[in-house]
Amino acid sequence: MTRTIDVPDLAATEAFGRRLGARLFPGAVVALVGQLGAGKTHLTRAVAEGLDVRNPAAVNSPTFVLIQEYPARLPIYHFDAYRLSGPREFAELGVEEYFRGDGVCIIEWADKVEPTLPAEHLRIDIAILDESRRRFTLTATGERYECLLREFP
């Protein structure tokens, strides 16, 4: 199941992310795909706010550390695959344990490690329309994610 949402500005991106975060569930996996500057980290911060993260300002790109963990209503595991050589290196981070856990996994540059993602997940492709507008293409794979997409306002 796929759904496309155009967001006109940063405030709409933040609102979208907060609504999504409020609806995520234990074990949820969100795969973010988009070019540099598309807003993957900004969207992650908004999702974290929707999950009631204790310190939204702490949510930043984990490019150099590869994974950040944030306490929230559900623990947030924020991965960045940009600097990884591929799926094998990502798997070596122990991602399977995170995927099977009770937290929410958010993976930036998920297209680089797609073979290691669980069969069921939510993929969000972010396209830059202009300086402030973005197009989110959400692809739900699996019943829980399809239900989330059907109920998403």
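The notes below deal with the structure included here. Just so it is clear, the model here is predicted, and its values are computed rather than measured.

## Concerning the pattern of salt bridges
Part 1 of the reasoning: Taken as a whole and assessed by the stated rule, the structure comprises 7 salt bridges.
Part 2 of the reasoning: Note that Asp 6 and Arg 135 form a salt bridge whose closest N and O atoms lie 2.6 Å from each other. Of this pair, Asp 6 sits in strand 1 (residues 2-7) while Arg 135 sits in strand 7 (residues 134-141), and the two are 129 residues apart along the sequence.
Part 3 of the reasoning: Glu 96 is paired through a salt bridge with Arg 100; the nearest N and O atoms lie 3.5 Å apart.
Part 4 of the reasoning: One continuous salt-bridge network, built from bridges that share partners, spans Glu 114, Arg 123 and Asp 125.

## Notes on the sheet that holds strand 6 (residues 121-128)
Part 1 of the reasoning: A sheet is described by the order of its strands in space; here 7 strands give the open sequence 1-7-6-2-5-4-3, paired in mixed fashion. Edge positions in the open sheet fall to strand 1 and strand 3 (67-70), since each of these has one partner strand only. Recorded for the sheet is a direction-independent mean angle of 20° between the axes of neighbouring strands.
Part 2 of the reasoning: Here strand 3 runs beside strand 4 (residues 76-80); their pairing, made up of 4 bridges, is antiparallel. The residue bridging Gln 68 from the neighbouring strand is His 78, located in strand 4.
Part 3 of the reasoning: In the packing of helix 5 (residues 143-151) onto the sheet, the strands contacted are strand 1, strand 2 (29-33), strand 6 and strand 7, and the crossing angle to strand 7 comes to about 140°.

## Section: the pairing of strand 2
Part 1 of the reasoning: Of all 5 residues making up strand 2, 5 are buried, and the element is well covered by its neighbours.
Part 2 of the reasoning: Neither face of strand 2 is exposed, since Val 29, Ala 31 and Val 33 on one face and Val 30 and Leu 32 on the opposite face are all buried.
Part 3 of the reasoning: The pairing of strand 2 with strand 5 (residues 104-108) spans 4 bridges and is classified as parallel. Bridging from a neighbouring strand, Val 29 pairs with Cys 105 of strand 5.
Part 4 of the reasoning: Summarising the sheet, strand 2 and strand 6 pair through 4 bridges and their orientation is parallel. Bridging across to strand 6, Ala 31 finds its partner in Arg 123.

Reading guide: rules and limits
- Residues numbered from 1 in each chain as written.
- Predicted model: local features only at pLDDT ≥ 70, side-chain atom pairs only at ≥ 80, totals over all residues.
- Heavy atoms only, no water.
- Salt bridge = Lys/Arg side-chain N within 4 Å of Asp/Glu carboxyl O.
- Helix = DSSP H or I, 4+ residues; strand = E, 2+ residues; numbered from the N terminus.
- Pairing = 2+ DSSP bridges.
- Axes fitted to C-alpha atoms, helices over the stretch in contact; angles between N-to-C directions.
- Contact = heavy atoms within 4.5 Å.
- Buried < 20%, exposed > 50% of the residue type's maximum accessible area, 1.4 Å probe, protein only.

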